Amino acid sequence: MQDEAVRSVVCRPFQRSPSEAPGVAASAKDQAILRQQDDEASGTLNVHWPRCKSLAGAAFALSLGWGVAACAYPGRLDPAPEAAASKGAFHGIANARFYGDKDAALMAAEGVRALEREQAYLRRSGHPGPLPTANYLALSGGGDDGAFGAGVLVGWTAHGTRPNFKLVTGISTGALGAPFAFLGPEYDAALAEVYTKTTQADVFTKRLIIAAVTDDALTDTAPLYQTISRYLDDRMLRRIGQEYDKGRLLLIATTDLDLGKPVIWNIGAIAKSGDPNSLELVKNILVASASIPGVFPPVMFDVQADGQSFQEMHVDGGATAQAFLYPPTVMVRRIGGLQRRRVAYLIRNGRLSPPSETVQRQTLSIAKRAVATLIASNGVGDLYRMYATTKRDGVEFNLAYIDADFREDYAGPFDQTYMGKLFDYGRLQAQSGYRWRKGPPGIGGAS
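It should be emphasised that the depicted structure is a prediction, and the values quoted were computed from it without experimental measurement.

A short note on helix 4 (residues 146-159)
An α-helix turns once per 3.6 residues; consequently, residues spaced three or four apart project the same way. Spanning 14 residues, helix 4 covers 20 Å between terminal C-alpha atoms, matching the ideal 20 Å at 1.5 Å per step. Most of helix 4 is tucked away, with 11 of its 14 residues classed as buried. Buried residues of helix 4: Gly146, Ala147, Phe148, Gly149, Ala150, Gly151, Val152, Leu153, Val154, Gly155 and Trp156, and no others. Buried-residue contacts for helix 4 involve strand 3 (134-139), helix 5 (173-183), helix 6 (188-197), strand 11 (342-347), strand 12 (396-400) and helix 13 (416-431).

Brief notes about the packing of aromatic side chains
Aromatic rings considered in pairs are described by the distance between their centres and by the relative angle of their planes. On inspection of all chains with the given rule, the structure shows 19 aromatic pairs. Their ring planes at 55° and their centres at 5.0 Å tell us that Tyr434 and Trp436 sit as a pair that is tilted. Across this residue pair, the class does not change: Tyr434 and Trp436 are buried. One aromatic cluster is present, formed by Phe148, Phe406, Tyr410, Tyr418 and Tyr425 through successive ring pairs. Positioned above the aromatic ring of Tyr244 is the side chain of Arg117, whose terminal nitrogen or guanidinium carbon lies 3.8 Å from the ring centre.

A few points about the pairing of strand 11
Successive side chains on a regular strand alternate, one facing one side of the sheet and the next facing the other. Where burial is concerned, most of strand 11 is hidden: 6 out of the 6 residues are buried. A two-sided burial pattern is seen for strand 11, the buried positions comprising Arg342, Ala344 and Leu346 on one face and Val343, Tyr345 and Ile347 on the other. The pairing of strand 3 with strand 11 spans 6 bridges and is classified as parallel. Within strand 11, the residue paired with Ala134 across the bridge is Arg342. Judged from the 5 bridges that link them, strand 11 and strand 12 form a sheet pairing that is parallel.

Considering the pattern of salt bridges
The tally for this structure, following the rule as stated, stands at 25 salt bridges. For Asp101, the salt bridge identified is with Lys261, shortest N-O distance 2.7 Å. Pair noted here: Asp101 is in the loop between strand 2 (97-99) and helix 3 (104-124) and Lys261 is in strand 8 (residues 261-266), with a separation of 160 residues, a long-range link. The partly exposed category is assigned to Asp101, whose relative accessible area is 38%. With its nearest N and O atoms 3.0 Å apart, the salt bridge here joins Arg207 to Asp216. On the accessibility criterion, Arg207 (11% relative accessible area) is buried.

Rules behind the numbers
Residues numbered from 1 in each chain as written. Predicted model: local features only at pLDDT ≥ 70, side-chain atom pairs only at ≥ 80, totals over all residues. Heavy atoms only, no water. Helix = DSSP H or I, 4+ residues; strand = E, 2+ residues; numbered from the N terminus. Expected span 1.5 Å × (residues − 1). Buried < 20%, exposed > 50% of the residue type's maximum accessible area, 1.4 Å probe, protein only. Contact = heavy atoms within 4.5 Å. Phe/Tyr/Trp six-rings, centres within 6.5 Å; stacked < 30°, edge-to-face > 60°. Lys NZ or Arg CZ within 6 Å of the ring centre and 35° of its normal. Pairing = 2+ DSSP bridges. Salt bridge = Lys/Arg side-chain N within 4 Å of Asp/Glu carboxyl O.

Next comes the structure, spelled out in C-alpha cells:
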C-alpha cells in the first residue's frame, strides 16, 4: 500500500466558487439570507445577502424556501477515506495542509521547521541577539466588510508601525486579503483596489432559478477566479515562497464538507514546492475558502489514495470558524523551547452583533434572522476561543472590528460607495494609531 497521504491529480475548478470574496453583504433593512424572485424575463434568480455576511447558513434558508428534491445535479466521485485525507500531504507536497482538529503534531512540526528557517535567515542577515517579536495576524470572514480590514492594514502602514508578520491566517474574504497582508506594504495599492473597486460582476454571475434544485449553487463564480488571477500571478507566488524560506507562514482555511472539518492550507509550502500546478492550486484554495455553501459552488479537488480516485468537496472556511490563529491543540510557547515575545492581531471584518430589526411573523423571516444571529454569535465565540488560547500561550491579544459608529447604509453586494467608506473608516483609525481592544466583548479595554 502506498503512503496513505492523499495525492492530488487535478484541482477541479469546473465550478470555481468563491464565497464572500471581497465582499458579500446585504441590505440593512433586509436581514434575509436569500430572497427568491422569479424574473420572468430572464428566468434568473436574484440573490440578496444578509447584513451578517458569513453565509454558512444560506443553504438552510434555501431548503426552507424550496423544499424540493432535485431530480438531477452534478455528479462526483466518492470522498477520500478520512484516514487518508488527514496525513498532511497533498499534490505530492508533504506539508501542504493540515486538518485543524487532529493534525496538531504535524502542525507543531511545521512550526519547528519555520523557526529553524527563521533562525537560519537571521544568521545570514547578521541579526545579533535574541529572536525578534513574533507578530501574528488573523483576518476573518465577512464578505465585502473585508474592506474594513484592508483599510486598517493600509492605514497601519501610513502610521509607520505596521510590523512584519511571522504568521498570517485568513478565512473567506480574509483568505483573499491574506496574501496581500503577508507580503506587506508593497501590495497595499493592490489590496485597496480589490476592496474598493470590485463589483458584483467581478465575483459571480446568476444562474437560472432551477439551479436551486438541479445544480450545486445559485451562482457561478468563474468571475471571482478571474479576479484572483489578475493579482495572484507567478511573481506573487514566488514572493510568498521567498518569505516562507525566512520562516514565515501563510495559512488559509477551507472546510472539507464531506468530513465536516476545517482544513488549514500551508500556502508558503505550496509556493515553494516547485510543483508546476502550484499556482492553480493556490487560486482554487482561495476560491474554496470563500465559497458560501449553496450560494457559490464548491471547489472539487480530484485526489488519489492507495491507487484509487476520489474527490473532496471544499467550501467556505467560515462553515467551521470565522477566524483562526492556530488550533488550540498546538501550544506555540513550546515550539522550539525558546522564549520570545508573541503578539496577535485579529481583524474581525464585521460587527459583534447583527443590527436590530423588526422580524415579521413569517417562517422564512424568522429562520433567516435566527441564522444571521447564530452566525454572529459563533463569530464572537471564535474571539473567546482565540483569546483563551493566546492567554494560555502568553501571546498578547489585540482585536479590531467594525464598531457602532460606522453607520453607512448598505445598498447591495459589492457596492463601491459602501466599501469605499468602510475602507476609509478602517484606514483613518489605523493611520492615527488604532486603539486595539485587548480582549473580546466584556474582557479588556482599548490600548
